[in-house]
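# Breakdown of the fold
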Amino acid sequence: MSKGVHNHAGGSGPAPDTAWTVHRLMLQARHFAALCRDGNLVMLNANALAILGHPDAPADTFAGLHFSSLAHSDDAWALGSWWPQASGSALSQSQTGLGGRRYARIGSAKTGWHHLELTCAIHLIDGEKYEIILGRPVEKSVLIMPDDMPAPPQPGVGVNVLRRERVKRKWAERSVRRLAYQDHLTGLINRAYYQLRLKNGLRKAAKHENSLALLFVDIDRFKEVNEFLGNAAGDQLLKHIADRLKHCVRVTDTVARLGGDEFAIIVNHLSERSDVTTLAEKIISTLAQPFTLGDRNVHIGACIGATIYPEDAQDAEFLQKNADAALRNAKHQGAGHFQIYHPQMNAETQQRKQLEEELRHAIYNNQLVVHYQPKINSATGAVSGIEALVRWQHPERGMIPPLMFIHIAEATNLILPLTESVLRTSCTDLKMCHDMGLKIGHVSVNLSANLIQQDDLAGVVKRILDETALPANHLELEITESIMMEDIDRARSVLNSIYLLGVALSLDDFGTGYSSLTYLRQFPIRTLKIDRSFITDMTESSEDIAIIRAVIALAHSLEYDQSTSFCWCGDQRLCQALRTVSAGS
């Protein structure tokens, strides 16, 4: 079934669905399930085939037969109202709703008869009605006729219908509805029911002149959990995420799983625009707390895009487009960000796409240039190394700084070819300096946190070193604490592989993040780089001087290189102050 499918439940009108949903209904049915068109069988599930004595037969074995032919001759009349014999037409919305019950014996004299409670739901496929019939086995008991079942054709016919407790009379309706509209993993409503809730919410908001907010939530680093801990851990994480999201919202709001690691939240009766920001911050904070999966604590995050009715859009389609645009904008800013839609986002999205294509062209057409910043030893004044700084020489826009394009490269998987280009250029230039007799110790190149997830990163570094003939001990890769925090085991493995090549590792911006001594002990770090913010205010802040002295003392005790006391700026006053602080340490 590859056609578009719509579910028709009671009198609420057609609802968008997918062929996959219908297929899932058949596969997930615990007992008997049949798909019919105008009462004629299209396919049966495995349980139905087993009941009919053909457990290994194809699903379409009985295709073309009328469903009533599967029932006992004394019970076939009970199914007559579903497919009236006189008109030969399929059942209409008024003739049966979701969960209309019938009782009949299904099977054959040869294989035996199975007492089933049958329910029927209509699905629309390209405008044509199909029926899914679900059956649940029941015990032979006292006979009773449901309220909506027609009278038997003649007195004395053995009516094989069973008494059920009144509290269970709605079982079939709930069962079908759950299969059609509930996400089986998390228990949240699925995409199909979310669409219904959104449209109904907008209709009520318009009627009562209320506001409504739509939030799209995208989980950060979920793919890594699946890859490194397995799908079972990923499923468990999704359940935990769903539970936390439900605790963040009110009972009048709706939380749905749209698929994968994407969730949607419908906020009804929105009072203030600021309430959306408050909710988003609450969700981001809640999901930032560690999740326990087995014996491991996992850290993830979330990006959220939101839009508001009626300010941003008047219908469900444009409201969802706006929420998606806001989510993309939030994701471009990095993990843990939130954005409310504004009209400029559409233009910004187009500009970002254009810049992405131009950046791709720039990487493969040598428009990137590398500038070098000297590292000056504060004690001797000598140049001990250089730091590579990438710039984009755009043919029309001129020189573009990295803050304008690095985040685009990271978000579009262009960061690897960009880093390879910078590495190759830096190693080639330093080797040329050595050949000219210039005594420059090493070149430092920044390593994006995204690259830790790349396969064989150490192999890429080794290949470039071999191509440029630069000894590995003249290359230094600068990393940030975020690399080590996202997946400690993988980061340790990748960084150790690079370290074994002979390449030095430097921890950048030390003092601004977690500054965990655990990282310094577990990872092969050789150099600490004190964040610039401590250096620039050093001459006026005694607290900054104390921090710098403490970091330098820590580096000495760990036998790190004295590069913790390097000065990156041309301000002689700061360099002299740093020289004094270093000598005092």
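Residues numbered from 1 in each chain as written. Predicted model: local features only at pLDDT ≥ 70, side-chain atom pairs only at ≥ 80, totals over all residues. Heavy atoms only, no water.

Every buried residue of helix α5 (residues 222-229) is listed here: F222, E224 and V225. Down the axis, α5 shows its buried residues gathered within 155° of arc, on one side only. Of the residues one or two after α5, G230 is the one with positive phi, at around 100°. (Buried < 20%, exposed > 50% of the residue type's maximum accessible area, 1.4 Å probe, protein only. Helix = DSSP H or I, 4+ residues; strand = E, 2+ residues; numbered from the N terminus. Arc of directions from axis to C-beta.)

What follows is about the confidence of the model for the chain. Taken as a whole, the chain shows an average pLDDT of 79; of its residues, 74% reach a score of 70 or greater. Note that residues 86-99 has pLDDT below 50 and, in this model, 34 contacts with residues that lie over four places away or in other chains. Note on residues 141-147: pLDDT under 50 across the span, and 21 contacts to partners over four residues away in sequence or across chains. (pLDDT = per-residue confidence, 0-100. Contact = heavy atoms within 4.5 Å.)

Glancing now at the nonpolar core. Counting residues in each nonpolar core, the largest one holds 50 residues, and the members touching the most others are L359, L475 and L477. Element by element, the count of residues in this core is highest for helix α11 (residues 415-435), at eight residues. For L477, the residues in contact, after removing those within four places along its chain, are L423, V445, L447, V461, I498, V503, A504, L505 and S506. I241, V249, I284 and I300 belong to the second largest nonpolar core, which has 37 residues in total. (Core = buried A, V, L, I, M, F, W, Y, C linked by side-chain atoms within 4.5 Å.)

With that out of the way, let us pick up the environment of N450. Mapped onto the secondary structure, N450 falls in the loop between β18 (442-446) and α12 (457-468). Sequence spacing of N450 and E410 is 40 residues, and the spatial spacing of their C-alpha atoms is 6.6 Å. With sequence-adjacent residues up to four places away left out, N450 is seen in contact with E410 and I415.

What follows deals with the sheet that holds strand β9 (residues 254-259). With mixed pairing, five strands are arranged side by side in an open sheet as β9-β10-β8-β13-β14. Only two strands of the sheet have a single partner each, and these edge strands are β9 and β14 (338-340). On average, adjacent strands in this sheet sit at an angle of 20° to one another, irrespective of strand direction. Pairing of strand β13 (residues 301-309) with β14 involves three bridges; the strand directions are parallel. Across the sheet, the residue bridging to G305 is Q339, located in β14. The strands touched by helix α8 (residues 316-333) are β8 (211-220), β13 and β14; relative to β13, the strand with the most contacts, the crossing angle is about 145°. (Pairing = 2+ DSSP bridges. Axes fitted to C-alpha atoms, helices over the stretch in contact; angles between N-to-C directions.)

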